Amino acid sequence: DEALQLTWVQFEERPGLETFKKLNVVSGKLGVWPAQRERALAKVADAIASEAATTSRWKPKPSLPDYSLRVSIALWEEDLDAAWEAAHRGICDRNLLVALADRLESARPEDAISLYRRVVTPIVEQTNNAAYEEAIKLIRKLGGLMKTLNQSRQFGDYLAELRVQFKPKRNFIKLLDDVVRSTANVK
């Protein structure tokens, strides 16, 4: 019980995936994980709401809630439905969205496609070559998924939209043109 209380103190001071895992181990050994899990998830929800509502001189308005922690917990628990729901309730770290999309590819390709599309634009907007290459890798994954779903025409339309949207970003457009060429050769 004392170990559980100490673990809770750590979790409440710093709610995160690592402290959640630690709580899982300790409460699992005591056989009280389900109740402790619910309590921990309630604490996570409170922390998310509190952070979003916080204002300061530099952040005068409440912001969209950041569900990154909830998504990371759901991914760790391999609960893709909970991760999907949390990812759509507010903002989320893009690496977590990509990880979720990767896991959804085989069972729910449409959902994976929507997540990849959601992260490509912010990545390209970083305006650096490393970001462009990262975006192109995701675009190629997206293309593969869309091809397996017989959506090659929609993929072509998507590439055209990206070309128009990011026309001033010449280095990105060069990489995008390589994708266009490679998909044209595949048909």
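A short tour of the structure in this document, coming up. Just so it is clear, the structure is predicted and the values come from calculations on it, not from any experiment. (Residues numbered from 1 in each chain as written. Predicted model: local features only at pLDDT ≥ 70, side-chain atom pairs only at ≥ 80, totals over all residues. Heavy atoms only, no water.)

## Considering the side chain of threonine 19
Formally: Starting at the N terminus, helices and strands are each numbered in turn, a helix being any DSSP run of H or I of at least four residues and a strand any DSSP run of E of at least two. Residues count as neighbours in contact if any of their non-hydrogen atoms are within 4.5 Å of one another.
If you trace the backbone, threonine 19 turns up in helix 2 (residues 17-30). Once you skip the residues sitting within four places of it in the chain, threonine 19 turns out to touch Gln10, Phe11 and Arg14.

## Re the packing of aromatic side chains
For clarity, the cut-off: Working definition: rings of Phe, Tyr and Trp (its six-membered ring) pair if their centres are within 6.5 Å, and the pair is stacked with planes under 30 degrees apart, edge-to-face with planes over 60 apart, and tilted otherwise. Categorising residues by exposure relies on relative accessible area from a 1.4 Å probe, with only protein chains included: less than 20% of the type maximum marks a residue as buried, more than 50% marks it as exposed, and the intermediate range marks it as partly exposed. Criterion for a charge above a ring: Lys NZ or Arg CZ within 6 Å of the ring centre, and within 35 degrees of the ring normal.
Under the defined criterion, the tally for this structure stands at 6 aromatic pairs. Ring geometry for phenylalanine 166 versus phenylalanine 172: centroids 5.7 Å apart, planes at 80°, classification edge-to-face. For the pair phenylalanine 166 and phenylalanine 172, a shared accessibility class is recorded, and that class is buried. We note arginine 39 situated over the ring of tryptophan 8; from NZ or CZ to the ring centre the distance is 3.8 Å. Positioned over the ring face of tryptophan 84 is arginine 108, at 5.6 Å from the centre of the ring.

## Focus: helix 7 (residues 109-124)
Inclusion rule: The span expected for a helix works out to 1.5 Å for each residue beyond the first.
Over its 16 residues, helix 7 extends 23 Å from the first C-alpha to the last, a length consistent with the 22 Å expected when each residue adds 1.5 Å. All buried positions along helix 7 are accounted for by Pro109, Asp111, Ala112, Ile113, Leu115, Tyr116, Val119, Val120, Ile123 and Val124.

## Here's the deal with the environment of tyrosine 132
Of note, tyrosine 132 is situated in helix 8 (residues 129-148). With a relative accessible area of 4%, tyrosine 132 lands in the buried category. Each C-alpha atom of the pair tyrosine 132 and glutamate 105 lies 22 Å from the other, and the pair is 27 residues apart in sequence.

## Observations regarding the pattern of salt bridges
Operational definition: Salt bridges are defined as contacts in which a side-chain nitrogen from Lys or Arg sits within 4 Å of a carboxyl oxygen from Asp or Glu.
A full pass over the atoms with the stated rule returns 13 salt bridges. The shortest N-O distance in the salt bridge between aspartate 111 and arginine 108 comes to 2.8 Å. Given a relative accessible area of 22%, arginine 108 falls into the partly exposed group. Counted as one network, the salt bridges with shared partners bring together Arg37, Glu38 and Glu77.

## Some thoughts on the packing of helix 2 against helix 4 (residues 68-76)
This is how it is decided: Each axis is a line fitted through C-alpha atoms, and for a helix only the stretch in contact is used; angles between axes span 0 to 180 degrees, taken between their N-to-C directions. Any angle between 65 and 115 degrees counts as roughly perpendicular, while under 35 counts as roughly parallel, over 145 as roughly antiparallel, and the rest as oblique. The crossing is said to be left-handed when, going from far helix to near helix, the turn is anticlockwise and less than a right angle, and right-handed when the turn is clockwise. Residues are sorted three ways: Asp, Glu, Lys and Arg are charged, Ala, Val, Leu, Ile, Met, Phe, Trp, Tyr, Cys and Pro are nonpolar, and all the rest, Gly among them, are polar.
It is at 10 Å that the axes of helix 2 and helix 4 come closest, and there the two elements cross at 45°. Here helix 2 lies oblique to helix 4, going by the angle between them. In this structure, the crossing between helix 2 and helix 4 has a hand that is right-handed. Packed against helix 2, whose contacting residues are Leu17, Phe20, Lys21 and Asn24, the element helix 4 presents Leu69, Ser72, Ile73 and Trp76 at the interface. Tallied by class, the residues present in the contact of helix 2 with helix 4 amount to 5 nonpolar, 2 polar and 1 charged.

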